[in-house]
Amino acid sequence: MAAPGSQGRALVVGVSGIVGQAVAAKLDAEGWDTYGLCRSGTSIGDHVTTLRADLSDPTALAVALEGVAPELVAITAWTRQDTEAENIAVNGGAVRNLLAALEPARSVRHVALMTGLKHYLGPFEAYAVGEMADTPFHEEEPRLDSPNFYYAQEDELFASAERNDFTWSVHRAHTVFGFATGNAMNMVATLCAYATICKEQGLPFVFPGSETQWNAVTDVTDAELLAEQILWAGTEEAGHDEAFNIANGDVFRWRWLWPQVAAYFGVDWEGFEGTPRTLETSMAGMEDVWRCIADKHGLVEGDLSRIASWWHTDGDLGRNIEVMTDMNKSRKAGFTGSRDTRDSFFEYAERYRKARVIP
């Protein structure tokens, strides 16, 4: 039972991640009695009751969730595997196991599932291959023919919702800007670490992606805006049983933002020149450099792998297609939140500085 005066009891799955932390903070600010589930059991603060369990372990989930009885559930976790078949088995299974563990309490009223634009673009191993919808992507586009773990997760959600009589929402985010460490998909922290290493080593801040991404119009998703949409969908009838894109509501070009990021860090920059110059290549072997930077500046994290995700930023910036989303469905339904992407990037960069993640 929720605490007296609470809006209700909520469970955030993947609470230690870049989106999970933002969702938990938003729920707490709005007066929810908030629980957070993650594999590590890492505490994110006194405002969240932390639960520890692996989503692949039904027994551990049942034990961890016993007595929690949440009304609102936000699923923001996934685990990358080597093949899409494995992604489907593991991540579809995770949603199935979680919802099965919650069934006995019969408390759930709404489940929000965070997915992403691979819904439109295809999985990693068939990314942007074959015929896709025109941009900006609209929620009513049919599923692609290729197997996709997002579809498997949705199907598990839909089946449980029908069986257990709760409402659902799906939130399709683009690249997420947010605040977290130890996260596998964190572009702001990755670019901050990259610029810091460039400054320390006297290297140019080179755009690592494709000519298309350098020149094309694109958009991104602020983690806190995504949290706002999840809470809105969970509490407003117009948000029930619907899939929504979620992006900041503005568009930009990296050739416009990149020089501004370089100026913020006080480094020289280079744009696209002939071929992508990936971060996985240019930043290979920089682990000791980062440890020295952390020691020199008294940073809180000396393990570069917990801050930077070269592979993920390379993937986002290396695409050879224009990628952006349409937000009209969400706006027409009543969610009108937005963010200024430039402000979003630099506000999170400042938070990383204040938290001593970067110097």
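The structure under discussion appears in the preceding block.
The paragraphs below set out a description of the structure included in this document. Fair warning: this is a prediction, and the values are worked out from it, not measured in the lab.

Quick notes on the sheet that holds strand 4 (residues 72–75)
Taken in spatial order, the seven strands make up an open sheet running 3-2-1-4-5-6-10, and their pairing is parallel. If you trace the sheet from one side to the other, it starts and ends with strand 3 (49–52) and strand 10 (242–246), each paired once. Between one strand axis and the next, the sheet turns through 20° on average, direction left out of account. The sheet contact formed by strand 4 and strand 5 (residues 110–116) spans four bridges and is parallel. Each bridged residue has a counterpart across the sheet, and for Ala 74 the counterpart in strand 5 is Ala 112. Sitting on the sheet, helix 1 (residues 18–29) is in contact with strand 1 (9–13), strand 2 (33–38), strand 4 and strand 5, with an inclination near 170° to strand 1.

Some words on the environment of Ala 308
Along the polypeptide, Ala 308 turns up in the loop between helix 11 (287–297) and helix 12 (310–317). Beyond its immediate chain neighbours, meaning those up to four positions away, Ala 308 contacts Thr 190 and Ala 193.

Points about the pattern of salt bridges
Counted by the stated rule, this structure contains 17 salt bridges. Its salt-bridge partner being Glu 154, residue Arg 143 comes within 2.9 Å of it at the nearest N-O pair. One end of the pair, Arg 143, is in the loop between helix 4 (118–121) and helix 5 (149–164); the other, Glu 154, is in helix 5, and 11 residues separate them in sequence. Take Arg 143: its relative accessible area is 34%, and that puts it in the partly exposed class. What makes Glu 154 buried here is its relative accessible area of 3%. The closest approach of N and O atoms between Arg 143 and Asp 155, which form a salt bridge, is 3.0 Å. With Arg 143 in the loop between helix 4 and helix 5 and Asp 155 in helix 5, the pair connects residues that are 12 residues apart, well separated along the chain. Owing to a relative accessible area of 40%, Asp 155 belongs among the partly exposed residues under this scheme. What you see here is one network of salt bridges that share partners, running through Arg 143, Glu 154, Asp 155 and Arg 172.

Quick notes on the rules
- Every residue gets a number counted from 1 within its own chain, in the order that chain's sequence is written.
- Confidence filtering applies because this is a predicted model: local features only for residues at pLDDT of at least 70, side-chain atom pairs given and counted only at 80 or more, and all residues used for totals across whole chains, interfaces and linings.
- Here the side-chain values reflect all heavy atoms present in the structure, with hydrogen atoms and water set aside.
- The pairing criterion is simple: DSSP has to find at least two bridges between the two strands.
- Segments assigned H or I by DSSP are reported as helices when at least four residues long, segments assigned E as strands when at least two residues long, and all are numbered from the N terminus.
- Axis angles are defined between N-to-C directions and span 0 to 180 degrees, where every axis is a line fitted to C-alpha atoms and, for a helix, only to the segment in contact.
- Residues count as neighbours in contact if any of their non-hydrogen atoms are within 4.5 Å of one another.
- Think of a salt bridge as a Lys or Arg side-chain nitrogen and an Asp or Glu carboxyl oxygen that are within 4 Å of each other.
- Relative accessibility decides the category of a residue: with a 1.4 Å probe and only protein chains considered, values under 20% of the type maximum give buried, values over 50% give exposed, and everything between is partly exposed.

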